[in-house]
Amino acid sequence: MTTETQVRVPLSESADFVKGINLTSATTLVIGSMIGSGIFIVSADIARLVDSPALLILAWTVTGFMTIVGALTYGELAAMMPKAGGQYVFLRESLGPLWGFLYGWSMFLVIQTGTIAAVGVAFGKFLGVLVPAISADKWLWHIGHVPKWTVGPLVLGNMDVGLNLQNLVAIGVVVLLTAVNVFGVRTGAMVQNIFTFSKTAALLGVVLIGAALGRNADAIRQNFGHFWQNASFSTLHPVQVGIGGPIALVGLLTVVAVAQVGSLFSADAWNNVTFTAAEVQNPRRNLPLSLALGTSIVIVLYIAANFVYLMALPLHGDPQGTTVLARGIQYAADDRVGTAVMQQAFGASGAVLMAIAILLSTFGCNNGLILAGARIYYAMSRDGLFFRSVGKLHRKYKTPAISLIVQAIWTCFLCLSGSYGQLLDLTMFAVIIFYILTIGGLFVLRRTEPDAPRPYNAFGYPVLPAIYIVMAIFIEIVLLRYKPQYTWPGLIIVLLGIPVYLFWSRNARITAGASDLQSEAG
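We now turn to the structure provided with this report. (Residues numbered from 1 in each chain as written. Predicted model: local features only at pLDDT ≥ 70, side-chain atom pairs only at ≥ 80, totals over all residues. Heavy atoms only, no water.)

**So, the packing of helix H10 (residues 252–266) against helix H18 (residues 463–482)**
- Running from N to C, H10 and H18 cross one another at 95°; their axes reach a closest spacing of 9 Å. Considered as vectors, H10 and H18 are oriented roughly perpendicular to each other. Contacts from Leu253, Thr254, Ala257, Val258, Gln260, Val261 and Leu264 of H10 reach H18 at Phe474, Ile475, Val478, Leu479 and Tyr482.
- Split by residue class, the contact of H10 with H18 holds 10 nonpolar, 2 polar and no charged. (Axes fitted to C-alpha atoms, helices over the stretch in contact; angles between N-to-C directions. Helix = DSSP H or I, 4+ residues; strand = E, 2+ residues; numbered from the N terminus. Parallel < 35°, antiparallel > 145°, perpendicular 65-115°, else oblique. Contact = heavy atoms within 4.5 Å. Nonpolar A, V, L, I, M, F, W, Y, C, P; charged D, E, K, R; others polar.)

Printed below as a string of C-alpha cells:
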C-alpha cells in the first residue's frame, strides 16, 4: 500500500446520489456498454491473422475467459467499495491515488471519450446506409488536411479535420444522450434498458437468422471439415512487426495474443457499471451479480456469432471477390462480417437490416458509456484531482451534470479532430495495464485489509485472478514486441498524466491547508 497522502473532500458521495439503478438496469449497463459494432467487424481482422477456424474461435474464447474472470474479480472490489468512480476508486484504495489518477486521466483524455466519439461516428456511418446524404465526404466546415507523420513504427496524421454530416450526427448523438443523462439516472437507465434489450435481440437475431437462413453447405464443409487447419503448435504464422515493418513468423500462442487486440476491445467496457456504484440499489449484491450475468450473456452471444459466421461464410476468401461468399470472412467488404452474413440470408436487404441492428447497438452502447464515464471524473474532482465544479451534483436531478457536460465537450472535439480513431486504437495496451493493476490490487487489499467486509469473494481466488494477470502480461509483452503501434503511444499517454497528477495534488494540498487554517481561525 502506498504511503502517499491523499486529500479528499469530506462529503458522503453515496448519500447524494439517487439510487436509480436496479439489478436489471445494472446488467443492461454491462451488456449495453460491451455490445457495440466490434462483434460485427473485428472477426475479419482476426481471421486474417490466425488463418484458422479453430484459432478464430479460440481467440474469442480466450477473450471470453479473461472477461468473465475479470468481471468476477471486480465483483469483490465493487461490493467492498460501492462508490462513484468504480475502478478509479479500486486503484486509489489498493495502490494509491497516483494510480487512480493515471487511470482517470487516460479515460478522460482518450479511452472513454475516444470510445464514445468512435461509436458516435459509427452510428453516423451506418445511418448513412439508410440516409445516403449522411456522408463523411459532405463537409460543412473543412478545416484542412493533416499530413502523414511517421514516428518509428507509427503512422499518424493523414486525415481531414472539420465538420461533415457524419460527425455532425455523432456530435448530435453525444449531446442528446448527455442531456438525457443530466435529467436523471433513472431516465438514462430507462434508455439503456430499452436499447440494450433491442440490440441484444438484434445480435441474437443475427445468430438465429444466420444459422437458419444464412448457412452455406460449402462454407460449413470448408470451415468445419478443416476446422483445425493451421492450429497446431508446429505451425508458424506471419505477423508484420509494426506498420510497414518486417514479417515475423510466430507460434500459436503468440498469434492468438496478437489477435486479442480486436476481440478484447469488442468485449471491453464491462467495468463501466462500477463507475455508477453509488447509484446502484443494494450494490453489494447487485454489482457482482450484474457483472457476472452481463459478461456471461455477451460472451455466449459473441462466441455463437462467430460459429454462425463460420456456418455462413468460408474463412478464406479473395479480396477481389465480387460476392460475399467469394470474399469470405477474411475479406468481407470493409470487414463487415455481420453484414455479409445477413446479405447471405436476405440478399441486398440484409445490409439494411444489419445497419438498423448496428444503429440500435451503437446508440445504446454510447448511452452506457456516457452515463458511466462521467462518474469517474466526478470522483476525481472529489479527491481534488480535477476541476472542482465537476464534483458537484445537479441540485434537482442529483446527477454529475457538469462532469457529463465536460465529457461531452471533449468528446465532440475528438469527433471533429479525426484523430480520435487513431488514439483509440493505440490505447488497448493501456487499458490492459489498468486491468492488471486493478486485479493485482485485489491481492494487495487481501493482505492489507484482511478484515474488511467482503459481501462477495472473487470466484476462484487466488488461482483465476492470478491466471488472468499472467495471460494479460503475456499479451502485453507480445503486443510490445510485435505491435509497437498499439503499445508505446498508450504508455506515453499514461505517463503524461504523472506531471498533471503532481500539479493537481499540489493544488489539492494547498486548498486543504487553506481550509484547515480557516477552520482553526473560526
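**Quick look at the side chain of Thr274**
- Within the element layout of this structure, Thr274 appears in the loop between H10 and helix H11 (283–312).
- Every residue in contact with Thr274, bar those within four places of it in the chain, is listed here: Ala78, Lys83, Gly85, Gly86, Gln87, Phe90 and Leu291.

**Observations regarding the packing of aromatic side chains**
- This model, assessed by the stated rule, comprises 25 aromatic pairs.
- On the basis of an interplanar angle of 70° and a centroid distance of 6.0 Å, the ring pair of Tyr74 and Tyr435 is categorised as edge-to-face. One end of the pair, Tyr74, is in helix H4 (residues 53–80); the other, Tyr435, is in helix H17 (residues 428–448), and 361 residues separate them in sequence.
- Judged by centre distance (6.2 Å) and plane angle (40°), the ring pair of Tyr377 and Phe386 falls under tilted. Neither residue differs from the other here; Tyr377 and Phe386 are each classed as buried.
- Counting every residue linked through ring pairs, the aromatic cluster contains Phe108, Tyr377, Phe386, Phe387, Trp410, Phe413, Phe503 and Trp504.
- Against the face of Tyr461 rests Arg446, its NZ or CZ located 3.9 Å from the ring centre.
- Above the face of the Tyr482 ring, Arg481 is positioned so that its terminal group lies 4.7 Å from the ring centre. (Phe/Tyr/Trp six-rings, centres within 6.5 Å; stacked < 30°, edge-to-face > 60°. Buried < 20%, exposed > 50% of the residue type's maximum accessible area, 1.4 Å probe, protein only. Lys NZ or Arg CZ within 6 Å of the ring centre and 35° of its normal.)

**Focus: the pattern of salt bridges**
- Tallied over the entire structure, the rule returns 9 salt bridges.
- Across the salt bridge formed by Arg92 and Asp383, the nearest N and O atoms sit 2.5 Å from each other. Here the residue Arg92 occupies a position in helix H5 (residues 87–95), and Asp383 occupies one in the loop between helix H14 (349–382) and helix H15 (401–417), the gap between them amounting to 291 residues. Taken individually, Arg92 and Asp383 each receive the classification buried, so the pair is uniform in this respect. (Salt bridge = Lys/Arg side-chain N within 4 Å of Asp/Glu carboxyl O.)

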